[in-house]
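Coordinate inspection notes
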Amino acid sequence: MKLTFLGTGTSTGVPQLNCRCSTCTSTDKRDKRLRSSVLIETGGKKLLIDCGPDFRQQALAASLQQLDAILITHEHYDHLGGLDDVRPYGKVAIYAEKRVNEHIQSAMPYCFKAKLYPGVPQLTLHEIDAQEFWLANIRIQPIRIFHAQLPILGFRIANMAYLTDLKTIEESRFEQLRGLDVLILNALRREKHIGHINLEEAIELAQKIAAKKTYFIHFSHDIGLHKDLEKELPPTLFMAYDELTINF
């Protein structure tokens, strides 16, 4: 399995508009963060988890020639605002909860009319919940997590799990996260936040799940400089960055 971090930033991206902090003015490429999304290549398929408003830029950077399906964690704009840009990829399957699919239909009604205007995205909506399902020959286990009070989904594919925008997770879900080679987990900033775990909480959760390697994502500019943060982390925990590719 090959995984590419297309974006590792929070909803505002980094640099944040109208900010001159040390992170936003950094010349380190690793401190330039588009909205969070990953591309997974496995079993001859290319799957996207979330499709934010930076998708076009991310797809160009990744030279993306094929897109088979998109898994959507939840309906916030930074996680699905790029769906209109998938039109060059032909028919694309979307897997999301009922509430999220209804949001997509409401936001993009021109994609779901009986008679479609030529050139609109060809989106096929598939309703999922927290039960495992198969996408061709790929087994996918959704993981129920909470973004503040909003129930959203993480995803486990083989021995990789992707959890973003997490604030809380029920104890019963940890069984679904056993034996991971790779865990991808949000770590918004150092200070506490109502809807996301912060860096300290992310480290604690990562150590509890005990994947072989954990990569943190969904950073705000308040997280600080990549070069400083990577020195603080235990040996199996890493700061992900845009365009980082891992194989496992």
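In short, a report on the structure. (Residues numbered from 1 in each chain as written. Predicted model: local features only at pLDDT ≥ 70, side-chain atom pairs only at ≥ 80, totals over all residues. Heavy atoms only, no water.)

With respect to the overall build of the chain
Defined as follows: The helix and strand labels rest on DSSP assignments: H or I over at least four residues marks a helix, E over at least two residues marks a strand, and numbering proceeds from the N terminus. The globule rule used for comparison is 2.2 Å times the number of residues to the exponent 0.38, while the radius of gyration itself is calculated over C-alpha atoms. Buried, partly exposed and exposed residues are distinguished by accessible area as a fraction of the type maximum, computed with a 1.4 Å probe on protein chains only: under 20%, between the cut-offs, and over 50%, respectively. Two residues qualify as a contact provided that any one of their heavy atoms is within 4.5 Å of a heavy atom in the partner residue.
Broken down by element type, the chain carries 5 helices and 14 strands. Relative to the compact-globule value of 18 Å for 248 residues, the chain shows a C-alpha radius of gyration of 17 Å, a close match. With the C-alpha coordinates of the chain rotated into their principal frame, the extents come out at 55 × 45 × 35 Å. Counting over 248 residues, the chain shows a buried share of 54%. Taking as baseline every contact in the chain between residues at least 6 positions apart, the subset at least 24 positions apart corresponds to 60%.

Some remarks on the side chain of S220
For the record, the criterion: Contacts described as polar in this section are N or O atom pairs within 3.5 Å, which, within protein, must combine one atom able to donate a hydrogen with one able to accept it, while residues neighboring in sequence count only if both atoms come from side chains.
With respect to the helices and strands, the residue S220 is situated in the loop between β12 (213–217) and α5 (226–232). Given the relative accessible area of 8%, S220 is considered buried. For S220, the side chain forms a polar contact with the main-chain nitrogen of D222, separated by 3.1 Å. The residues touching S220, leaving out its near neighbours within four places in the chain, are T10, V14, L188 and R189.

Re helix α3 (residues 98–107)
To keep it simple, the criterion reads: The arc refers to the directions leading from the helix axis to the C-beta atoms.
Looking at α3, one finds that the buried residues are V100, N101 and I104. Buried residues in α3, looked at end-on, bunch into an arc of 100 degrees, giving them a common side. Buried residues along α3 sit against α2 (77–80), β5 (91–96) and β6 (122–127).

A look at helix α4 (residues 199–209)
When α4 is considered as a whole, its buried residues turn out to be L199, E201, A202, I203, L205, A206 and I209. Check the buried side of α4 and you find it contacts β11 (182–186), β12, α5 and β13 (237–239). Where α4 begins, the side chain of N198 points an oxygen toward the backbone nitrogen of E200, at a separation of 3.4 Å.

A look at the environment of S36
Looking at where S36 falls in the secondary structure, it is placed in the loop between β1 (2–7) and β2 (37–42). Looking at S36, the relative accessible area reads 2%, which means it is buried. Residues within four places of S36 in sequence aside, it is in contact with G7, T8, G9, D50, Y162, I217 and H218. In this structure the side chain of S36 is engaged in a polar contact, spanning 2.9 Å, whose partner is the backbone oxygen of G9.

Quick look at the sheet that holds β6
Test applied: In this scheme, strands are said to pair when DSSP sees at least two bridges between them. For helices, the fitted line uses only the C-alpha atoms of the stretch in contact; every axis is such a line through C-alpha atoms, and the angle between N-to-C directions lies from 0 to 180 degrees.
Strand order across the open sheet formed by 7 strands is β6-β5-β4-β3-β2-β1-β14, with mixed pairing between neighbours. The strands lining the two open edges of the sheet, one partner per strand, are β6 and β14 (245–247). Strand-to-strand twist of the sheet, defined as the mean angle between neighbouring strand axes without regard to direction, takes the value 25 degrees. In this sheet, β14 lies alongside β1 in antiparallel orientation, the contact comprising 3 bridges. Among the inter-strand pairings, K2 is bridged to a residue of β14, identified as N247. α3 rests against β5 and β6 of the sheet, and its axis sits at about 155 degrees to β6.

Some words on the packing of aromatic side chains
What counts is decided by this rule: Note on ring pairs: Phe, Tyr and Trp rings are taken, using the six-membered ring of Trp, and paired if centres are within 6.5 Å. Classes follow the plane angle, with under 30 degrees stacked, over 60 edge-to-face and the rest tilted. Look at NZ for Lys and CZ for Arg. If either is within 6 Å of the ring centre and within 35 degrees of the ring normal, a charge sits over the ring.
For the structure shown, the criterion picks out 4 aromatic pairs. Arranged with centres 5.3 Å apart and planes meeting at 25 degrees, the rings of Y215 and F238 form a pair that is stacked. Of this pair, Y215 sits in strand β12 while F238 sits in strand β13, placing them 23 residues apart in sequence. Among the aromatic side chains, those forming a connected cluster through ring pairs are F5, Y215 and F238. Looking at K208, its charged tip hangs above the ring of F174, at a distance of 4.2 Å from the centre.

Observations regarding the pairing of β2
Where burial is concerned, most of β2 is hidden: 5 out of the 6 residues are buried. Here β1 pairs with β2 via 5 bridges, running antiparallel. By the bridge assignment for β2, K2 is matched with E41. Strand direction decides the pairing type here: β2 and strand β3 (residues 45–49), joined by 5 bridges, are antiparallel.

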